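Below are the chains, spelled out letter by letter.
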Amino acid sequence: MIAVLLAQTIAITGGTVYPVSGPKIANATVLIHGTGVAIPSDATRIDAAGKWVTPGLIDGGGQLGLVEIGAVAGTREASLQGDTIAAAFNVTEGINPASAVIAVTRIEGVTTVLATPTGNLVSGQAALIDLDGATIEQMVVKSPAGMVLDDSESGKDYAGGSRAGLADRLRRVFRDALEYERRKVDFSRAQIQPLSAPARDLEALLPVLHAQEPLIAYANRRSDIATALRLAREFKLKLVLAGAQEGWEVARNIAERRAARARGREGRAHGDRHAQLAQPAPAGGKRRVVWDGVGPGAARRHALPRGNVRRGRSLRLARTGQGGERGRVVG
Amino acid sequence: MRTLLYLTLGLSAGCAAAGVRQATPAPAPAAASAAASQAAAESMSVDRAQYPSTYRRHPNPPVLIRNATIMTATGQEIRNGSILFKDGRIVAVGEKVDAPADAAVVDGAGKYVTPGLIDDHSHLGVYAAPGTEAESDGNEATNPVTAEVWAEHSFWPQDPQIPLAIAGGITTIQALPGSANLIGGRSAILKLVPARTVQEMKFPGARYGLKMACGENPKRVYGRRGGPATRMGNMAGYRSAFTQAETYRRRWDTWRKDHKGDPPERNLRLETLAEVLRGNMYVQNHCYRADEMAQMIDLAHEFGFKIRSSYKIADLLAKEGTSVSVWADWWGFKEEAMDGIQQNAALNQHAGGRPLIHSDSPSGIQRLNQEAAKAMYAGVRAGIPITRDQALRWITVNPAWTLGLDSIVGTLEPGKMADVVVWSGDPFSIYSKAVQVYNDGWLVYDRADAAHQPRTDFELGRAPAPGSDR
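Predicted model, so just to flag it, every value in this text is computed and none were measured. (Residues numbered from 1 in each chain as written. Chains lettered and ligands numbered in written order. Predicted model: local features only at pLDDT ≥ 70, side-chain atom pairs only at ≥ 80, totals over all residues.)

### Things to note about the interface of chain A and chain B
Taken residue by residue, the interface counts six residues in chain A and seven residues in chain B. Here the side of chain A that touches chain B is composed, by residue class, of four nonpolar, one polar and one charged. (Contact = placed C-beta atoms within 7 Å. Nonpolar A, V, L, I, M, F, W, Y, C, P; charged D, E, K, R; others polar.)

Shown next, in the form of structure tokens:
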């Protein structure tokens with residue numbers, strides 16, 4: 001299906017376009033999989049007069065694709081039983097492209113979801129998937145897309161029943177992962193103290209500990225959010241807060257951390273996007289949205305340099321002429 | 001687990017409200033048996049008052065709301081209309097209504113007025129917040145048939161979810177036991193007003209409902225605990241319970257006539273079921289699959305009570321005079337809920353049935369107007385011409401009918417109880433909020449006045465003060 005669509009050039013014309021990366025554009029054209037600014041004669045035209053055109057909606061966390069019917073165990077793939085630190089568990093091969101839930105969700109405008117594992121203390125690796133495709137390979141946008149931590153009331157059950165125990169357990173696991181990385185040779189010769197998780201799980205945590213992958217911490221209580229922020233600071237992690245029901249109560253702390261990141265003190269600006277989705281006002285921030293093209297109408301109205309308007313550029317990029325990375329909406 | 005236990009109706013499904021519909025409220029058990037009491041040598045527990053309502057109307061000045069759009073749920077939408085209520089009764093509704101000198105006058109410019117909303121399927125108070133084991137009082141999951149338990153004996157009037165539902169325009173609820181059991185127990189039909197005791201909330205004159213459940217839930221709960229383990233086991237469970245109740249009813253009815261010998265031994269389980277057989281109680285039946293609802297209709301025929309509640313058998317339900325109580329768009333969380341569609345309420349309306357939208361959720365009950373709006377637009381988009389008045393009925397007079405209270409509440413008509421909601425705008429808009437809620441004429445909620453925003457004791461010391469950083 002993807003292959004067929006890729007071959008098509010589609011022009012959505014006449015609608016009010018909300019590029020998100022910039023102000024809305026009236027009577028605009030969105031060209032998908034075209035080249036240049038002209039609408040090719042063989043393009044499929046979609047008349048969007050009187051309608052709004054937005055990026056596909058993104059659900060930043062859930063079990064879509066991983067759980068079809070919550071009450072039917074045979075359709076649940078999101079949780080690995082019996083592995084408290086399930087860091088090596090990547091949900092991708094559990095995705096069911098035939099799940100009835102996918103199409104029903106897609107018709108409501110959702111095009112991309114983060115399929116997240118659940119359960120345990122470290123639940124495993126999430127995958128970003130498109131709600132389109134007959135195979136897992138066709139659906140996956142990015143995998144792994146983050147490491148999920150259950151920093152909540154249910155997570156503490158896997159750490160002796162105390163939130164303090166949860167934080168302590170995580171610190172030990174994180175330190176052991178770094179130790180394991182430094183002393184792999186000693187590990188293979190069994191010249192190392194016993195580690196607090198299997199080697200494969202420690203290995204899987206390394207991209208998180210090197211801030212190459214985000215830690216997606218499910219935390220709702222104020223104190224749990226504070227724990228996630230504290231751990232992220234200590235280990236210099238890219239943090240995504242998920243759930244964050246009481247995030248509004250500590251919005252300032254979340255925003256401060258984000259600001260610190262943006263100033264480059266703690267690595268790259270990246271984190272807390274999920275918190276923004278759940279609690280949009282306080283945390284603020286922009287999502288990077290890259291469209292598959294800006295059409296000639298927009299080019300005319302915004303007086304864009306013609307050379308900048310091409311497939312794979314957002315309106316903003318087309319304005320500045322910088323970048324031009326092609327792709328989908330990426331968070 | 002708890003969530004799954006007390007979730008009830010699917011889109012494909014609905015509550016079968018069963019029981020013989022009668023125009024007048026059923027006599028209280030005490031009154032019904034007053035004669036028997038005198039005849040007997042000594043009075044018995046069954047003859048005394050059974051947990052009576054102590055509800056009293058709160059005294060208020062008359063209220064005139066003018067210049068508003070009045071949606072009456074009787075087919076009218078009056079622009080620039082007025083409504084006057086006094087002593088808990090609606091006095092007049094129309095374009096021009098004169099106010100008595102002592103009336104409080106509310107300017108309704110730009111606002112909408114509807115009847116108080118009614119949720120016929122709620123677990124407020126029996127599954128109270130914050131939802132710990134300590135407040136988990138909704139399923140007496142110790143036996144598949146517990147007709148002897150009463151929801152009002154679990155109901156916690158300090159449930160902090162209650163003020164939130166009031167702020168959503170809800171004035172009457174049916175608080176139900178959960179759906180773990182085949183027969184879960186008696187419901188409580190309550191005025192949603194701030195109160196210290198459940199008795200102070202009990203809707204005066206309302207008959208009880210009986211909670212029953214079909215399908216997966218009883219199977220899941222009892223499958224490894226002695227059964228039922230199958231749907232046929234479920235049916236056998238209802239049938240044997242009602243068979244015993246038939247015998248019980250006959251013994252008592254006979255004894256009441258002739259007073260020969262000792263009275264039959266009192267059995268609380270069978271006493272409740274006998275009341276269903278006598279037509280004095282309605283059945284609220286959790287049921288998802290259309291074929292199972294048809295089985296429940298047959299069950300009702302077998303035992304001589306009449307079902308009044310799925311798009312698949314909309315014609316059957318309309319023929320039976322059955323109402324159908326549905327969600328707008330919950331679906332898919334279990335196998336029997338996979339067949340849900342958003343057009344369920346609209347299709348039932350189209351077939352001549354009597355749909356209603358229920359919450360079954362402490363969150364959904366705060367926005368029942370939006371749930372009705374979603375179901376209305378789903379129908380309209382599918383080409384089913386649902387009117388605004390019909391959709392309003394889904395959350396007002398239709399649930400009132402199901403509870404046997406439609407002659408008292410559910411519409412804005414002179415003589416009806418003054419359960420009235422003032423909305424900031426069109427109640428079918430996601431942006432509109434209830435700004436004032438009157439229950440029996442009492443201003444129980446005012447969005448602009450903290451003095452009329454009830455809080456429960458539970459919230460003391462917990463809720464952040466407005467504007468605080470915490």
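### Observations concerning the packing of helix α4 (residues 163-182) of chain A against helix α7 (residues 222-235) of chain A
Residue and element names in this part refer to chain A. Viewed as axis vectors pointing N to C, α4 and α7 meet at an angle of 20°, and their least axial separation amounts to 11 Å. Regarding the angle of α4 to α7, the classification is roughly parallel. Considering the relative orientation of α4 and α7, their crossing is right-handed. On α7, the residues that touch Arg 163, Ala 167, Leu 170 and Phe 174 of α4 are Ser 223, Asp 224, Thr 227, Leu 231 and Phe 235. Among the residues making up the contact of α4 with α7, the classes are represented as five nonpolar, two polar and two charged. (Axes fitted to C-alpha atoms, helices over the stretch in contact; angles between N-to-C directions. Helix = DSSP H or I, 4+ residues; strand = E, 2+ residues; numbered from the N terminus. Parallel < 35°, antiparallel > 145°, perpendicular 65-115°, else oblique. Left-handed = near helix turned anticlockwise from the far one by under 90°.)

### Points about the confidence of the model for chain B
Residue and element names in this part refer to chain B. With 88% of its residues at a pLDDT of 70 or more, chain B shows a mean pLDDT of 88. Here residues 1-32 is modelled with pLDDT under 50, and outside its nearest four sequence neighbours on either side it reaches 119 contacts, counting other chains as well. Model confidence for the complex: the whole-complex pTM is 0.82, and ipTM, which rates the interface, is 0.79. (pLDDT = per-residue confidence, 0-100.)

### Regarding the sheet that holds strand β9 (residues 215-219) of chain A
Note on sheets: strands pair through backbone hydrogen bonds, and any given pair is parallel or antiparallel. Residues and elements named next belong to chain A. The mixed open sheet is built from six strands, whose spatial order is β5-β6-β7-β8-β9-β10. The two strands at the open ends of the sheet, each matched to only one other strand, are β5 (57-62) and β10 (239-243). Averaged over neighbouring strand pairs, the angle between their axes works out to 30° when direction is ignored. Of the strand pairs in this sheet, strand β8 (residues 140-150) and β9 are connected by four bridges, and their pairing is parallel. Counterpart to Met 147 in the pairing with β9 is Leu 215. Those strands touched by α7 are β9 and β10, and its axis lies near 160° from that of β9. (Pairing = 2+ DSSP bridges.)

### A look at the sheet that holds strand β8 (residues 170-175) of chain B
Residues and elements named next belong to chain B. Taken together, three strands build an open sheet; the order of strands is β7-β8-β10 and the sheet is mixed. Every other strand in the sheet has two partners, leaving β7 (117-122) and β10 (188-191) as the edge strands with one partner each. Each strand axis lies, on average, 15° off the axis of its neighbour in the sheet, ignoring direction. Note that β7 and β8 share four bridges and pair parallel.

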